[in-house]
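Breakdown of the fold
One letter stands for each residue in the lines below.
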Amino acid sequence: MASKNALITGITGQDGAYLARLLVDKGYQVFGLHARRSTDTLWRLRYLDVLDQVQLIDGDLCDQGSAIRAMQKSQAVEVYNLAAQSFVGTSWEQPALTGQVTGLGATHMLEAVRIVNPQARFYQASTSEMFGLIQETVQSETTPFYPRSPYGAAKLYAHWMTVNYRESFNLHASSGILFNHESPLRGIEFVTRKVTDAVARIKLGKAKELRLGNIDAKRDWGFAGDYVEAMWLMLQQDTPDDYVVATGTTTTVRDMCRIAFAHVGLNHEDHVVIDPRFYRPAEVDVLLGNPGKAEAKLGWKAKTDLETLITMMVDADLARVAKE
Ligand code: NAP
Ligand code: F7E
């Protein structure tokens with residue numbers, strides 16, 4: 001069978017790297033929209049040993065022409081729109097930029113698909129942040145949205161544009177409403193990686209304390225490597241749809257810290273310092289997803305529990321910090 005071409009925006013991010021690895025392993029020709037930066041952003045693709053097997057296309061999602069050219073150059077039949085300003089905290093400092101990349105960027109990609117190849121299948125990286133101030137204890141595809149950050153609001157716009165292009169132009173456009181997912185490739189500013197990196201530094205005598213904000217917040221955390229399989233599965237369905245992707249369990253930041261410190265024989269209470277600088281203007285207190293539809297229709301289920309995930313991340317950070 002001839003190999004399929006896929007285009008990933010955000011290929012240098014955590015999910016982009018795992019998805020590139022997955023698609024290359026499935027025999028796809030993988031193209032990635034790559035925004036020029038003055039520093040190295042290719043380390044994740046190197047870490048998963050996939051950099052040499054993908055073709056990068058210079059472009060920025062804020063630029064409509066970039067999106068169109070990426071569709072033309074890649075001849076993609078599957079498009080995964082993962083690019084975003086994805087850090088919730090930063091979205092209050094850069095709300096307009098977040099709207100442009102995370103919100104309008106999706107419209108640029110949808111337009112590119114509509115103009116260049118309306119038969120191509122489209123995946124939008126939607127998020128549990130759209131539930132924000134939760135309207136139901138367990139969130140599913142039918143739970144009303146109530147975003148609590150400029151990031152959440154931008155993603156909600158992108159989500160509805162995806163639904164709208166599906167209904168208006170009959171695009172095969174699906175949204176994955178993914179709950180938090182982490183890995184050793186997670187950005188250092190996100191709480192799990194901030195914790196596992198600090199645990200490694202404290203264990204190796206390079207730091208003493210870890211400063212955190214609201215450790216009572218609860219999240220439904222899974223492993224990014226599992227979650228990219230759900231993205232791919234959505235584009236293999238005959239009909240496009242929206243799916244919650246989650247583990248179905250929720251844990252406080254405090255308990256996640258306890259797991260991470262305990263893995264190296266330390267007590268988190270001896271090292272964690274609460275610092276109001278890390279509080280957010282509006283918090284998402286608790287998220288808990290119901291992945292029942294993904295399980296029933298896609299045959300997808302999270303394989304990695306939180307303890308396995310966090311210990312994997314601590315071990316990776318111990319190896320990294322030891323080499324510094
Ligand atoms: P990430 O690590 O922050 O990656 C974001 C990617 O977007 C990077 O490749 C980044 O490129 C790229 N990007 C940013 N601005 C761009 C622009 N103007 N033009 C082109 N590319 C740009 O995010 P992630 O964790 O992999 O998440 C992937 C997607 O899923 C994001 O849309 C995120 O919002 C969404 N999501 C994530 C989670 C989660 O828990 N991880 C949950 C739900 C939804 P650089 O490397 O050059 O910065
Ligand atoms: O925060 C609390 C913080 O930044 C998790 C993104 O991938 O998932 C991610 O968004 C919780 C929040 O992720 C610190 O207040 C406490 O309640 O790791 P986070 P997030 O905001 O949930 C969603 C699904 C996405 O779509 C996003 O793109 O942890 N917290 N103390 C802290 N968080 C951080 N970052 N740093 C702290 O010191």
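Nothing here was measured: the structure is a model prediction, and the numbers come from that model.

About the criteria used
Residues numbered from 1 in each chain as written. Chains lettered and ligands numbered in written order. Predicted model: local features only at pLDDT ≥ 70, side-chain atom pairs only at ≥ 80, totals over all residues. Heavy atoms only, no water. Helix = DSSP H or I, 4+ residues; strand = E, 2+ residues; numbered from the N terminus. Rg over C-alpha atoms; globule rule 2.2 N^0.38 Å. Buried < 20%, exposed > 50% of the residue type's maximum accessible area, 1.4 Å probe, protein only. Contact = heavy atoms within 4.5 Å. Lys, Arg positive; Asp, Glu negative; His and termini not counted. Charge placed at Lys NZ, Arg CZ, Asp CG, Glu CD. Pairing = 2+ DSSP bridges. Right-handed = clockwise from strand over helix to strand, strands pointing away. Near = heavy atom within 4 Å. Polar contact = N/O pair within 3.5 Å; in protein donor to acceptor, adjacent residues only side chain to side chain. Areas by Shrake-Rupley, 256 points an atom, 1.4 Å probe, with all protein chains shown as cover. Nonpolar A, V, L, I, M, F, W, Y, C, P; charged D, E, K, R; others polar. Domains from an automatic or database assignment. Axes fitted to C-alpha atoms, helices over the stretch in contact; angles between N-to-C directions. Parallel < 35°, antiparallel > 145°, perpendicular 65-115°, else oblique. Left-handed = near helix turned anticlockwise from the far one by under 90°.

Of the regular secondary structure elements, the protein chain holds 11 helices and 13 strands. Relative to the globule expectation of 20 Å for 324 residues, the C-alpha radius of gyration of the protein chain, 19 Å, shows essentially globular dimensions. Projecting the C-alpha coordinates of the protein chain onto the three principal axes gives extents of approximately 55 × 45 × 40 Å. A burial count over the protein chain gives 56% of its 324 residues as buried. Counted over contacts in the protein chain with a minimum sequence separation of 6, partners at least 24 positions apart contribute 80%. Taking the 34 positively charged and 38 negatively charged side chains of the protein chain as two groups, their mean positions are separated by 3 Å.

Attention shifts here to the pairing of strand E5 (residues 121-127). The element E5 is extensively covered by neighbouring structure, given that 6 of its 7 residues are classed as buried. Note that E5 and strand E6 (residues 172-178) share 7 bridges and pair parallel. Pairing of Gln124 across the sheet is with Ser175, part of E6. The parallel pair E5 and E6 is bridged by helix H6 (residues 150-169), and the resulting crossover is right-handed.

Let's shift gears to the site of ligand 2. Taken together, 23 residues form the shell around ligand 2, and within it Ser86, Thr127, Tyr151, Arg280 and Glu283 come nearest. Contact distances for ligand 2 include 2.7 Å between an oxygen atom and a side-chain N or O atom of Tyr151. Contact between ligand 2 and Lys194: an oxygen atom at 2.7 Å from a side-chain N or O atom of the residue. Isolated, ligand 2 exposes 700 Å² of accessible area, and the fraction of that covered by the protein chains is 96%. At the level of secondary structure, the elements contributing two or more residues to the shell around ligand 2 comprise helix H7 (191-203) and strand E8 (210-212). In terms of residue class, the shell around ligand 2 is made up of 9 nonpolar, 6 polar and 8 charged. Counting the residues that make up the shell around ligand 2, at least three belong to each of domain 1 (5-181 + 221-245) and domain 2 (187-219 + 249-289 + 304-323).

Here helix H9 (residues 253-263) crosses helix H11 (residues 306-323) at 50 degrees, and the two axes come no closer than 9 Å. Put simply, H9 runs oblique to H11. Seen from above, H9 lies across H11 with right-handed handedness. Contacts from Met256, Ile259, Ala260 and His263 in H9 reach Leu306, Glu307, Ile310, Thr311, Val314 and Asp315 in H11. Of the residues in the contact of H9 with H11, the class split is 6 nonpolar, 2 polar and 2 charged.

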